[in-house]
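# Results of the structural survey
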Amino acid sequence: MKLQRSRRSGSIGLVLLIAVVLVAAAIGLLQVGRGNASLYILVLLAVLGTVGVFSLFALASGILRFGGQDTDDTDIRGLVDGAFDGILVTDQSGRVVYANAAYMQLIGAASHKDIRPIERVFLGDPDVSEAVYRLVKAAREGRRLQEEVRIGGARGEPGRWLRLRVRPGGEGRKSRTTIWSVADVTRDREKQENVFQELQHAIDYLDHAPAGFFSADGAGNIVYLNATLASWLDQDLAEVGSGGLRLADIVPGEGASLLSLPAAPGEVKTEVLDLDFKTRGGRSIPVRLFHKVAFGADGAPGPSRTLVLNRARGENEDAQRAAEVRFMRFFNHTPMAIATVDRSGRVVRSNALFARMFRDAPDAQRNILSTVVERERAGLEQAIAKAGQGQGDIPPVEAALASGNERFATFFVTAIDDDAERDQESAIIYALDVTERRALENQIKQQQKMDTVGQLAGGIAHDFNNVLSAIMMATDFLLGAHKPTDPSFADIMQIKQNANRAASLVRQLLAFSRRQTLRPQVLDLGESLSDLTILLRRLIGEKVKLDVVHGRDLWPVKADLSQFEQVVVNLAVNARDAMPDGGRLTVRTANVAAGDPRLASHKGMPNADYVLVEVTDSGTGMTPEVMAQIFEPFFSTKEVGKGTGLGLSTVYGIVKQTGGFIYVDSALGKGTTFRIFLPRHVPDAEVEEPAAEKPAIAGALAAAGKLAEAAQADLTGRGTVLLVEDEEGLRALNARGLASRGYTVLTASNGIEALEELEKNEGKVDLVVSDVVMPEMDGPTLLKEMRRKNPDLKMIFVSGYAEDAFQKNLPPDGQFAFLPKPFTLKQLVEQVKTTLAE
């Protein structure tokens, strides 16, 4: 069927005729004369105008057409008529407007009368009707759509595949026509099916080949695993490709690191590797891999292509293969990284641990020198050069690794014995990661340093306490002998105040050396911090905002309340000084149970239950160099005269003596966080100490009341007191003070003299006041000897050291009182009277 259109062609003769008529009209008007020409001119213009208007209407309605358009229509019509695909044009009601010869042939139409639309051609074919319905619906909605259908052949002929397409002739629903196309794609489908069949055969051959095969992507996911390898490993093929199976599931230990081949962008790398695979049940299978990886232009690895040969087959019959398998397992499973290198340091072969250990180093698989930081490469380079010359007994080289995360390794270099092979492999290098060992060594050195400084500080504090005790005792005598109106009274008070200040510094030294006397009690840290909040707000000032965040149901801890408060106060003062322009100070408490990830991030702390006290400020922060020294005594970043350098060392000593741990985390411009972990206290079933009702610092009013009562109390007494002190000046002052309060005082410079004095007085001594550290016989030994003669004898130990420092040398049932140095006359007399009254 052809499209019915009028054929109009342009004529040059008609154009010439019109031109002749117009020229004749112009000549006639000239002959008529100018006076009579106006009427004829108007008539001629009216006729031409009328013809022009009707021509425009005719052109718009299609009655008139330009001559060139008929030529274009003829070319297009010829192109459509000769198309290989069947073309059908229908109007809005579905009636056929045009159909080419190919369409008539495809539907088997003998003449134009047999042409039918698509929906009627396949009427009654259930396999095609659904697709046709979708096409017709798309045509009505003005959409494009394509379907491929298979129609059965008539009279035993084979079926055919047709591709049906529909599109509107214009724009969407406004189009007046619909264009259908029908193409026979039977051959294309047959080719696709043939290719699919060949692919299926290839996959079947690969699946059941006598060798294993797998492919893994760059992330380590196995995307393909053939049936042979799956049967060797007892793996489920359904897990492959879905992310359920990874290289780590089939390659044990560090073997997977060898499969990550370093290469340049665009390079294709192939390696032959001997490894162990593991089955689902954990059994090892020795295999040889032919591993190939192509790298993209950006250096990213593509999916691998890996052929797997099972070396376990025939292993018992082949002794050489069995030896190779044993060596392979030893080589790859040894806990030391091993590699062979040539004279330039290029890695020739390496084991799995080497690949894992240096995977972060740039070009580690190409040259071993690149694994070491540049400043330390010379030592390793010289060792390799010595091995290349065949030298033996090469000293090990310890160097920092170039991975950028503070790792260290020791390299042991051994020469290859065979001179013929030395050009290709000149040295065997064994590398051992010593990062943890160095960290432990540094930690031990720091601890030894702190202990040494602590011992020195403790010894100085002990000797200095004797001097301070004498000064404080002497000032008490002077103050008792002078009235407040005396001119020298103010000078004596100044001496006493400075002595008290010196005594405070000594206490801080003892706290750092962990030799001070603690009075531990069961505490609820939440309540203790709440009582301390008012004092903290006064200390830090108005510029700094204080936030105290209490954890829920805090476990009890056992600590000295006054010392714990001192720890928090010292940290708060340091935080205030780090925020000169103001900021935020946060004190947070929480329970940290055993196994908590926060414990794993801190080294040296046993896995147990702790109560965490976290003090965080928003101040200037610290550099790593400063953090490494903050707990050392007399180290300070403050200006001269604005700090003793003992604040944080005191904190460190108190926390350690309590059995806790302290860690610091800081960065410049990001503030500082101190984390204190105190062990959880589990009370015994028999005895449980009650928690203090009032804090040592926050209960200042109560303490002041007690001091006032003590000042008014009668401190005189009676009895014989044996005073044992090796410092002559201090011994004389203490004896004088006790005698002034009514006591009979016997003196001795050491333990042996004290025993002699006791024998001289036939044991008639009510109380012994003895120093702990003395020549010839110390205090604990003196206590044992005196208790043998008089088990009920009362004793007071005075010392600049902590009570715990010598208590371990006493018998289990040894009862005694303790008075730490330095002390005033009043404190000595109070302790003596209290002990005698018990």
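Worth saying up front: this structure is predicted, and the values here are computed from it rather than measured.

Looking now at the overall build of the chain. When helices and strands are counted, the chain shows 26 helices and 27 strands. Considering only contacts within the chain whose residues lie at least 6 apart along the sequence, 59% involve residues at least 24 apart. With the model as given, the accessible surface of the chain reaches about 47400 Å², and the carbon-plus-sulfur share is 53%.

For a regular strand, the rule is simple: side chains alternate between the two faces of the sheet. Counting buried residues in strand β14 (residues 408-415) gives six out of eight residues, a clear majority hidden from the surface. In the sheet, strand β13 (residues 397-400) pairs with β14 via four bridges, with the strands oriented antiparallel. By the bridge assignment, A399 is partnered in β14 with A409. As paired elements, β14 and strand β15 (residues 427-433) share seven bridges and run antiparallel to each other.

Next up on the list: the sheet that holds strand β5 (residues 177-184). In spatial order, the strands read β2-β1-β5-β4-β3; together these five strands make up an open sheet with antiparallel pairing. Every interior strand has two partners, whereas the edge strands, β2 (96-99) and β3 (145-151), have only one. Taking the axes of each pair of neighbouring strands and ignoring which way they run, one obtains an average angle of 20° across the sheet. The sheet contact formed by β3 and strand β4 (residues 160-168) spans seven bridges and is antiparallel. Its bridge partner being in β4, E148 is matched across the sheet by R163. Contacts from helix α6 (residues 126-141) reach β3, β4 and β5, with the element oriented near 160° to β3. Those strands touched by helix α7 (residues 186-207) are β3, β4 and β5, and its axis lies near 120° from that of β4.

A few words on a nonpolar patch on the surface. On the surface, a cluster of nonpolar side chains totalling about 440 Å² of accessible area is made up of I18, L22, I41, L45 and L48. Of all the secondary-structure elements, those providing two or more residues to the nonpolar patch are α1 (12-32) and α2 (34-61). For the nonpolar patch, the leading source of residues is α2, giving three residues.

So, about the confidence of the model for the chain. Averaged over every residue, the pLDDT of the chain is 78; the share at 70 or more is 81%. In the model, residues 1-9 has pLDDT below 50 throughout and makes 17 contacts with residues more than four positions away in sequence or in other chains. Across residues 685-712 the pLDDT falls below 50, and counting only partners more than four positions away or on other chains, this stretch makes 29 contacts in the model.

Looking at where T835 falls in the secondary structure, it is placed in helix α26 (residues 825-837). Residue T835 is classed as buried on the basis of its relative accessible area, which comes to 4%. Looking at T835, its side chain comes within polar contact range of the main-chain oxygen of Q831, at 2.8 Å. In this structure T835 touches L767, K794, I796 and A817, once residues within four positions along its chain are discounted.

Within an α-helix, residues lying three or four positions from one another point in the same direction, as the helix has 3.6 residues per turn. By the burial criterion, the buried members of helix α23 (residues 751-760) are G751, A754, L755, E757 and L758. With its buried residues spanning 160° around the axis, α23 presents them on a single face. Where the residues of α23 are buried, they touch β23 (720-724), β24 (744-748) and α24 (779-789). Where α23 begins, one side-chain oxygen reaches toward the backbone nitrogen of I752, 3.1 Å away; that side chain belongs to N750. Taken from the residues just after α23, E762 is the one with a positive phi, measuring 55°.

Ranked by size, the top nonpolar core spans 39 residues in total, and within it L525, L571, L585, I662 and I676 carry the most contacts. Of all elements in the fold, only α16 (525-540), β17 (544-549), β18 (557-559), α17 (561-577), β19 (583-592), β20 (610-617), α20 (647-658) and β22 (672-679) reach the threshold of two or more residues within this core. At nine residues, the largest contribution of residues to this core is made by α17. Once residues within four sequence positions are removed from consideration, I662 is found in contact with F631, V651, Y652, V655, F674, R675 and I676. Of all hydrophobic cores here, the second largest spans 30 residues; its members include V372, I394, L401 and A427.

Time to look at the pairing of β15. Sheet topology places strand β11 (residues 337-341) next to β15; five bridges connect them, and they run antiparallel. In the strand pairing of β15, A337 is matched with A431.

It is worth spelling out the packing of aromatic side chains at this point. For the structure shown, the criterion picks out six aromatic pairs. Judged by centre distance (6.2 Å) and plane angle (80°), the ring pair of Y610 and F661 falls under edge-to-face. One end of the pair, Y610, is in strand β20; the other, F661, is in strand β21 (residues 661-666), and 51 residues separate them in sequence. With 5.3 Å between their ring centres and 70° between their planes, F797 and F816 make a pair best called edge-to-face. Here F816 lies in the loop between α25 (804-807) and β27 (817-820) and F797 lies in strand β26 (residues 794-799), a separation of 19 residues in the sequence. Comparing F797 with F816, the two get one shared label, buried. Feature note: the residues Y610, F661, Y663 and F677 constitute an aromatic cluster, connected by ring pairs. Note that R189 overlies the ring of W161, its terminal NZ or CZ placed 3.8 Å from the centroid. The ring of F408 is capped by R438, whose NZ or CZ atom sits 3.9 Å from the centre of that ring.

Our focus in this paragraph is the pattern of salt bridges. Under the defined criterion, the tally for this structure stands at 20 salt bridges. Across the salt bridge formed by R407 and D433, the nearest N and O atoms sit 3.3 Å from each other. With R407 in the loop between β13 and β14 and D433 in strand β15, this residue pair connects regions lying 26 residues apart in the sequence. Overall, the relative accessible area of 37% leaves D433 in the partly exposed class. For K760, the salt bridge goes to E757, with nearest N and O atoms at 3.9 Å. Of this pair, K760 and E757 both sit in helix α23, three residues apart, which is roughly one turn of that helix. Among the residues examined, E757 registers a relative accessible area of 17% and is labelled buried. Residues joined in a network through salt bridges with shared partners are E148, R163 and R189.

This next bit is on the sheet that holds β23. Spatial ordering of the open sheet is given by β24-β23-β25-β26-β27, a layout of five strands whose pairing is parallel. Since the sheet does not close on itself, it has two edges, and those belong to β24 and β27, each with one partner. Neighbour-to-neighbour, the strand axes of this sheet turn through a mean angle of 20°, independent of strand direction. Here strand β25 (residues 767-771) runs beside β26; their pairing, made up of five bridges, is parallel. Residue pairing for β26: V769 is matched across the bridge by I796. Its contacts with the sheet put α24 on β23, β25 and β26, and the angle it makes with β26 is roughly 175°.

Rules used throughout
Residues numbered from 1 in each chain as written. Predicted model: local features only at pLDDT ≥ 70, side-chain atom pairs only at ≥ 80, totals over all residues. Heavy atoms only, no water. Helix = DSSP H or I, 4+ residues; strand = E, 2+ residues; numbered from the N terminus. Contact = heavy atoms within 4.5 Å. Areas by Shrake-Rupley, 256 points an atom, 1.4 Å probe, with all protein chains shown as cover. Buried < 20%, exposed > 50% of the residue type's maximum accessible area, 1.4 Å probe, protein only. Pairing = 2+ DSSP bridges. Axes fitted to C-alpha atoms, helices over the stretch in contact; angles between N-to-C directions. Patch = residues over 30% accessible without salt bridge, like charges linked within 9 Å, V, L, I, M, F, W, Y side chains within 5 Å. Salt bridge = Lys/Arg side-chain N within 4 Å of Asp/Glu carboxyl O. pLDDT = per-residue confidence, 0-100. Polar contact = N/O pair within 3.5 Å; in protein donor to acceptor, adjacent residues only side chain to side chain. Arc of directions from axis to C-beta. Core = buried A, V, L, I, M, F, W, Y, C linked by side-chain atoms within 4.5 Å. Phe/Tyr/Trp six-rings, centres within 6.5 Å; stacked < 30°, edge-to-face > 60°. Lys NZ or Arg CZ within 6 Å of the ring centre and 35° of its normal.

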